[in-house]
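Observations on the model geometry
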Amino acid sequence: MAWIDTIDLEDADDELRDLYDEIIDTRGKLSNILKVHSLNPAALADHLQLYDTLLFGRSDLRRAEREAISVVVSAANNCPYCVEHHAEALAAYWDEARVEQLATDHTALETLDDRLRAACDVAALLTRSPDAMTEAHVDRLRDAGWSDRSVLDIVLITAYFNFVNRIATGLGV
């Protein structure tokens, strides 16, 4: 499960139990990446809000595009937990072979349109070599058809998954 202690539902105080109940009611289950926050319920609540905003909130990025970015970032970080979780979500939109290729090497995936390829390339670069990011990369996203708001969302989703991947790998989730 994790390398630190976590609090189970039956042992949770009222604040944590309320969060757990909300998660189970909206998602159907309590995932390990959220349960690992149980010693800090305020961080769990903030994490949930950020996740919901970035993955489900208003954006020009379609849900499949958001999930594709999450898979590319998680694969670049070698985070099997997040790759599996978000590849499963992406499979609701793509066939299994395409999802697997994205997770293995998105650059070899011939079925990516120019917009999503640019987004995945920038997400991979920002993950592997953040100091190599330049305005030219943002221009590439614009040239591919992304608005500045979409560029912001691509960078936010990339940064978020780098954050979450480090929680998962850093705590043995």
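Placed above this text is the structure.
Below you will find a few notes about this structure. (Residues numbered from 1 in each chain as written. Predicted model: local features only at pLDDT ≥ 70, side-chain atom pairs only at ≥ 80, totals over all residues. Heavy atoms only, no water.)

1. Focus: a negative patch on the surface
Quick reminder of the rule: Nonpolar side chains (Val, Leu, Ile, Met, Phe, Trp, Tyr) are joined into patches within 5 Å and like charges within 9 Å, using only residues with over 30% relative accessible area and no salt bridge. Here the Shrake-Rupley method, with its probe set to 1.4 Å, supplies the accessible areas, and only the displayed protein chains count as covering residues. The rule for a salt bridge is simple: a side-chain nitrogen of Lys or Arg has to be within 4 Å of a carboxyl oxygen of Asp or Glu. Charge counting follows a simple rule: Lys and Arg are positive, Asp and Glu are negative, and His as well as the terminal groups are ignored. For this purpose, a charge sits on NZ of Lys, CZ of Arg, CG of Asp or CD of Glu. The way it works is that DSSP assigns letters per residue, a run of H or I at least four long becomes a helix, a run of E at least two long becomes a strand, and they are numbered from the N terminus.
A surface patch of negative charge is lined by Asp13, Glu15, Asp18, Asp21, Glu22 and Asp25. Within the secondary structure layout, Glu22 lies in helix 1 (residues 14-27).

2. Describing a nonpolar patch on the surface
Going by this rule: Each residue gets one of three labels from its accessible area relative to the maximum for its type: buried under 20%, exposed over 50%, partly exposed in between, using a 1.4 Å probe on protein chains only.
On the surface, Trp3, Ile4 and Leu39 cluster together into a nonpolar patch covering about 360 Å² of accessible area. By secondary structure assignment, the location of Trp3 is in the segment before helix 1. The class for Trp3 is exposed, based on a relative accessible area of 66%.

3. Describing the packing of aromatic side chains
Cut-off, in case you're wondering: Any two of the Phe, Tyr and Trp rings considered here, Trp counted by its six-membered ring, make a pair once their centres fall within 6.5 Å; the pair's planes then place it as stacked at under 30 degrees, edge-to-face at over 60, or tilted in between. Note on geometry: a ring has a charge over it if NZ (lysine) or CZ (arginine) is within 6 Å of the ring centre and within 35 degrees of the ring normal.
Applying the stated criterion across every chain, the model contains four aromatic pairs. When the ring of Tyr160 is compared with that of Phe161, the centres are 4.9 Å apart and the planes differ by 90°; the resulting orientation is edge-to-face. According to the relative accessible area criterion, Tyr160 is buried, its value standing at 5%. With centroids separated by 6.3 Å and ring planes inclined at 50°, the aromatic side chains of Tyr160 and Phe163 adopt a geometry described as tilted. Of the two residues, Tyr160 and Phe163 both sit in helix 9 (residues 148-170), three residues apart, roughly one turn of that helix. Among the aromatic side chains, those forming a connected cluster through ring pairs are Tyr51, Phe56, Tyr160, Phe161 and Phe163. Positioned above the aromatic ring of Trp146, the side-chain terminus of Arg115 is 3.7 Å from the ring centre.

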